[in-house]
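If you want the building blocks of each chain, they are given just below.
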Amino acid sequence: LVAGQQVEVDWHKRDRYGRVVGKIIAGVRDVNLAQVRAGMAWWYRKYANEQSPVDQRLYKDAEAKAKQASVGLWSGKNPIP
């Protein structure tokens, strides 16, 4: 999704290991959301309260649609995070 592209990272915190936690943006595209839509990533509900209300809704809907369509990791019988 981002090979050969310049990206921005919208972040506001580091996790307990010092890693940056944020949203990857390529142009105007939310790459994290694109991965959830494609069934290639989980929406981590534990940290949903750190997202904007708009992002919470977008990510929740994207995961539900990917799950319903059985795409990516949702194509397995019992996907485990």
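Below: a short report on this structure.

Rules behind the numbers
Residues numbered from 1 in each chain as written. Predicted model: local features only at pLDDT ≥ 70, side-chain atom pairs only at ≥ 80, totals over all residues. Heavy atoms only, no water. Pairing = 2+ DSSP bridges. Helix = DSSP H or I, 4+ residues; strand = E, 2+ residues; numbered from the N terminus. Buried < 20%, exposed > 50% of the residue type's maximum accessible area, 1.4 Å probe, protein only. Polar contact = N/O pair within 3.5 Å; in protein donor to acceptor, adjacent residues only side chain to side chain. Contact = heavy atoms within 4.5 Å. Salt bridge = Lys/Arg side-chain N within 4 Å of Asp/Glu carboxyl O.

Digging into the sheet that holds strand β1 (residues 8–14)
Paired through backbone hydrogen bonds, the strands of a sheet run either parallel or antiparallel to each other.
And then number 1: Ordered by their spatial adjacency, three strands build an open sheet running β1-β2-β3, and the pairing between neighbours is antiparallel. The open sheet has two edge strands, β1 and β3 (29–30), and neither has a second partner.
And then number 2: Of the strand pairs in this sheet, β1 and strand β2 (residues 20–26) are connected by six bridges, and their pairing is antiparallel. Considered in β2, the bridge of Glu8 is made with Ile25.

Observations regarding the side chain of Asp55
And then number 1: Structurally, Asp55 is set in helix α2 (residues 53–69).
And then number 2: Overall, Asp55 belongs to the buried group, its relative accessible area being 13%.
And then number 3: Separated by 2.7 Å, the side chains of Asp55 and Lys23 make a polar contact.

Overview of the environment of Gly22
And then number 1: Within the secondary structure, Gly22 sits in strand β2.
And then number 2: Residue Gly22 is classed as partly exposed on the basis of its relative accessible area of 32%.
And then number 3: With 23 residues separating them along the chain, Gly22 and Arg45 place their C-alpha atoms 14 Å apart.
And then number 4: Non-local contacts of Gly22, meaning those with residues more than four positions away in its chain, are made with Val9, Asp10, Trp11 and Asn32.

Focus: the pattern of salt bridges
And then number 1: Overall, the coordinates contain four salt bridges when judged by the stated rule.
And then number 2: With its nearest N and O atoms 3.3 Å apart, the salt bridge here joins Lys13 to Glu50. With Lys13 in strand β1 and Glu50 in the loop between α1 (31–37) and α2, the pair connects residues that are 37 residues apart, well separated along the chain.
And then number 3: Given the relative accessible area of 29%, Lys13 is considered partly exposed.
And then number 4: By relative accessible area, Glu50 is classed as partly exposed at 47%.
And then number 5: Here Arg45 makes a salt bridge to Glu63, at a shortest N to O gap of 2.6 Å.

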